[in-house]
Amino acid sequence: MLNSVREKVEEFVVQNGIPVSELPNKITNNIDLATSGEEILNLLSETDKEIFRGWVISDNLKSDGLSNDFSILKKISILSKLIYEKIHEQSKSPDKRFKIILSGCGTSGRLAYLCSQTFSLFLKSIYPALDYNVCDYIIAGGDYALVNSVESVEDKPKVGAQLLKNILDEHPNTECVYLGITCGFSAPFVAGQIDFCLNKENNRNILACGIIGFNPVEMTRKTSPINENNENFYDLMKKLENMERQDPNKYFIFNPLIGPEPITGSSRMKSGTTTKILIDLIFTKALVYLDKRENSNELEMLDFYEKILNVLYAENTKKNLGNIIDNSCEALRNLKHGGSINYLSDSERLGLLCCVDASECLPTYGAGKNDIKGFVSAKNAKSLTQKWQGFIKNCPTVWSQNIIDHLENFNSDKCVFILIESDDEFQSDQEIIDKENLEKILLEKTQCKIYKINLSSKNIEHTNRIKVLEMNELSIIYREASKMYSSYFSNCLQEFTLKLILNAISTGAHVLYGKTYENIMIDVKVSNIKLYWRACGILKKFCSELNKEQCEDYLLASIYSGEKLTNEKNDIEKHIEVATGKEFIVPKALIMALTGCNYSNATLLLDESRNSVRNCIFKLKNKIQNK
Ligand code: F6P
């Protein structure tokens, strides 16, 4: 007999056999038929609401959204109290060192970085004597992966465990809270770290071990062994679940069931957003305890996020943001004629979100490195922190104001610049002047379309060339959040707002450009094992008459450009290596599978559709159906 809503939803998912993180969302089933940014926003508004209000599975079954999931809210409370106690203890006796380690791959690792930086900086501002970052991060692929797509390290559990061990070894007398993030409960990199934490020998300084993801434990990945005992991620999660039952003050599984992503499998969206909310709440609550205010209420905090959703999806904003999406799509349609989408932020903190959003389009939509980019504005690299100086030197997708030297690349009226306006308290006067200069130069020297997104408390003037997305209510919400909780919480809300806006622009532009069929990412990059099998699943979905093996064969034919396979079929790592960096792998495989044509003809057919993958597949499917 199933009692709770949670049990019923879990049973539904398990019987269905597909993890929530890989299910198509019914709301966005026809997202590829949308003809405008505004229509896309209507759909995203509905799927984002599921985070708070629950996932409607059928007329009589609906999951608890965050706002009703009291078991998750209780865990937030327990963990935040533990963090508070340790920070408090540390502030009284500095030799009692304490650390929180957040870790993940792709977006999950980037959010680990963002959340750890915002929290550590804030703690330093209230405890100037703190001489280290209380909150640390690990991202698969290292710092380069913060602003670039590096997918393959996700498959390496030993690397994950070693990186965690390195941090613990560097801080020998430090008690640690470890929190792994893997939205699909699927990343071996994170599983390796969980395995490390659950091993008694390593456990000495680990005060608490938790995981964030959005599937029932039963749906954890069962392939890919993680350790010498051949245990897989699922085995480890079952252990963790057991330990959580025995010691709920030390082990934590945060897995609210918020429903499928608007673009199937795109965990950067709802799952990323919910990851951020969970971490924000844990840290904000710890700060409230530190402030000796006992009466913080998670539901009241969640309310702030929902208020922001209401502002973002209000009619007026939808119209203006929809227009930015339309023009961003136009930029993608004109990639060959100087089109590109460029985000430019006036702060490093928010600039990171810009770079993150841009870099995610590579694996998700098979975007090219120059199609969509993030920038942080600074007169010269020296005025940036060391980390950003490193990014600018080493990462092709992150530039500072030296874009001025490359303005000829942006001189088409098809190119879109989206400037993020904020009052970041960590921003220097010089940075503000630099940004204003950059705007002037952009206006004088380029023909680009320029939009401003105003997250600041000032009103900004519209001019002929600069359109402003004004959302006056936001600054009221931020101010209220700061008054009731802390400026830390207000920063979290600002990051949340920007994440949703950027996700909407990049998703909307790529969907309108034809990079999805229904809500399936049919131009996904085949750059790790999860994505390899996702690609096979996409072929199976659209060619139901083929069996799994035939689908894999078509994928391989596309990866090897129609050449005969010379290495072992089960050498998936090799296939991924060959596929990484190649364009249109899945679309071409799909065309071959649908029509039976060879690789060269698939390439021709795709070219004829001006690379609009969706239009090409749509036409082919129609043709086949009408035969
Ligand atoms: O492999 C690509 C990807 O799906 C990214 O899009 C995502 O951010 C990353 O993997 C991590 O996924 P997860 O959080 O489920 O481990």
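What counts and what doesn't
Residues numbered from 1 in each chain as written. Predicted model: local features only at pLDDT ≥ 70, side-chain atom pairs only at ≥ 80, totals over all residues. Heavy atoms only, no water. Core = buried A, V, L, I, M, F, W, Y, C linked by side-chain atoms within 4.5 Å. Buried < 20%, exposed > 50% of the residue type's maximum accessible area, 1.4 Å probe, protein only. Helix = DSSP H or I, 4+ residues; strand = E, 2+ residues; numbered from the N terminus. Contact = heavy atoms within 4.5 Å. Domains from an automatic or database assignment. Salt bridge = Lys/Arg side-chain N within 4 Å of Asp/Glu carboxyl O. Polar contact = N/O pair within 3.5 Å; in protein donor to acceptor, adjacent residues only side chain to side chain. Nonpolar A, V, L, I, M, F, W, Y, C, P; charged D, E, K, R; others polar. UniProt positions renumbered as here; feature names shortened; annotations may be inferred. Expected span 1.5 Å × (residues − 1). Arc of directions from axis to C-beta. Near = heavy atom within 4 Å. Areas by Shrake-Rupley, 256 points an atom, 1.4 Å probe, with all protein chains shown as cover. Phe/Tyr/Trp six-rings, centres within 6.5 Å; stacked < 30°, edge-to-face > 60°. Pairing = 2+ DSSP bridges. Axes fitted to C-alpha atoms, helices over the stretch in contact; angles between N-to-C directions.

### Considering the nonpolar core
Moving on, step 1. The biggest cluster of nonpolar side chains holds 156 residues, and the ones touching the most others in it are L79, I100, F254, F283 and L555.
Moving on, step 2. Element by element, the count of residues in this core is highest for helix α16 (residues 487-512), at 14 residues.
Moving on, step 3. Here L555 is in contact with V526, Y532, A535, C536, L539, I585, V586 and A589, once residues within four sequence places are set aside.
Moving on, step 4. Ranked by size, the runner-up nonpolar core spans 31 residues in total, among them C197, L236, Y251 and I253.

### Examining the domain arrangement of the protein chain
Moving on, step 1. Domains assigned within the protein chain are domain 1 (25-61 + 306-515), domain 2 (66-293) and domain 3 (522-626).
Moving on, step 2. With 51 residues of domain 1 in contact, the opposing surface of domain 2 contributes 40 residues.
Moving on, step 3. Connecting domain 1 to domain 2 are four salt bridges.
Moving on, step 4. Counting every contact that joins domain 1 to domain 2 gives 15 residue pairs in polar contact (both at pLDDT 80 or more).
Moving on, step 5. Listing elements by their share of the side of domain 1 that touches domain 2, those giving two or more residues are α2 (37-53), α12 (348-365), α13 (386-394), α15 (472-484) and α16.
Moving on, step 6. Classifying every residue of the side of domain 1 that touches domain 2 by side-chain character gives 26 nonpolar, 13 polar and 12 charged.

### A short note on the UniProt feature "domain: SIS" (unreviewed entry) in the protein chain
Moving on, step 1. What UniProt calls "domain: SIS" (unreviewed entry) maps, in this numbering, to residues 83-198.
Moving on, step 2. Along residues 83-198 one finds 51% helix and 18% strand; the C-alpha atoms at either end are 20 Å apart.

### Some points on helix α6 (residues 157-170)
Moving on, step 1. The terminal C-alpha atoms of α6, which comprises 14 residues, lie 20 Å apart, in line with the 20 Å expected from a rise of 1.5 Å per residue.
Moving on, step 2. Every buried residue of α6 is accounted for by P157, G160, A161, L164, I167 and L168. Down the axis of α6, the sector holding all buried residues measures 125°, keeping them to one side. Projecting away from the buried face of α6 at angles above 90 degrees are the exposed residues K158 and E170.
Moving on, step 3. In this structure, the buried side of α6 is in contact with β3 (97-104), β4 (135-139), β5 (174-181), α7 (188-198) and β6 (206-212).

### Let's talk about the site of the ligand
Moving on, step 1. In the vicinity of the ligand, 15 residues are found, and the nearest of them are S108, E151, T182, C183 and N528.
Moving on, step 2. Between N528 and the ligand, the recorded distance is 2.8 Å, taken from a side-chain N or O atom to an oxygen atom.
Moving on, step 3. Between the ligand and K530 there is a distance of 2.9 Å, counted from an oxygen atom to a side-chain nitrogen or oxygen.
Moving on, step 4. Its free accessible area being 400 Å², the ligand has 95% of it covered by the protein chains.
Moving on, step 5. Elements with a minimum of two residues in the shell around the ligand: α4 (107-126) and α17 (529-542).
Moving on, step 6. Here the residues of the shell around the ligand sort into four nonpolar, eight polar and three charged.
Moving on, step 7. Each of domain 2 (66-293) and domain 3 (522-626) contributes no fewer than three residues to the shell around the ligand.

### A word on the packing of aromatic side chains
Moving on, step 1. Within this structure, the stated rule accounts for 15 aromatic pairs.
Moving on, step 2. Ring geometry for F122 against Y488: centres 5.8 Å apart, planes inclined by 50°, an arrangement best described as tilted. Of this pair, F122 sits in helix α4 while Y488 sits in helix α16, and the two are 366 residues apart along the sequence.
Moving on, step 3. Taking relative accessible area as the criterion, F122 reaches 11% and is therefore assigned buried.
Moving on, step 4. Accessibility expressed as a relative area gives 1% for Y488, which makes it buried.
Moving on, step 5. Where Y532 meets W533, the ring centres are 5.0 Å apart and the plane angle is 85°; that geometry is what we call edge-to-face.

### Quick notes on the sheet that holds β5
Moving on, step 1. Read across the open sheet, the five strands follow the order β4-β3-β5-β6-β7; overall the sheet is parallel. With one partner strand each, in any of the chains shown, β4 and β7 (251-254) form the two edges of the open sheet. Each strand axis lies, on average, 15° off the axis of its neighbour in the sheet, ignoring direction.
Moving on, step 2. Judged from the six bridges that link them, β5 and β6 form a sheet pairing that is parallel. By the bridge assignment, V177 is partnered in β6 with A208.
Moving on, step 3. Taken strand by strand, α6 contacts β3, β4, β5 and β6, and its axis lies near 155° from that of β4.
Moving on, step 4. In the packing of helix α8 (residues 233-246) onto the sheet, contacts are made with β6 and β7, and the angle to β7 comes to roughly 120°.

### Some points on the side chain of S36
Moving on, step 1. Among the secondary structure elements, S36 is positioned in the loop between α1 (5-16) and α2.
Moving on, step 2. Relative accessible area serves as the criterion here: at 18%, S36 is assigned to the buried category.
Moving on, step 3. The contacts of S36, once residues within four sequence positions are left out, are D326 and L512.

### Details of the pattern of salt bridges
Moving on, step 1. A full pass over the atoms with the stated rule returns 33 salt bridges.
Moving on, step 2. Put simply, E46 and K49 hold a salt bridge, and the shortest N to O gap is 3.5 Å. Taken together, the residues span about one helical turn, with E46 and K49 both in helix α2 at a distance of three residues.
Moving on, step 3. Assessed through its relative accessible area of 36%, K49 is described here as partly exposed.
Moving on, step 4. Residue R245 pairs with E241 through a salt bridge whose shortest N-O separation is 3.8 Å. Taken together, the residues span about one helical turn, with R245 and E241 both in helix α8 at a distance of four residues.
Moving on, step 5. R245 sits in the exposed class, given a relative accessible area of 59%.
Moving on, step 6. By sharing partners, the salt bridges in this structure join E218, K238, E241 and R245 into a single network.

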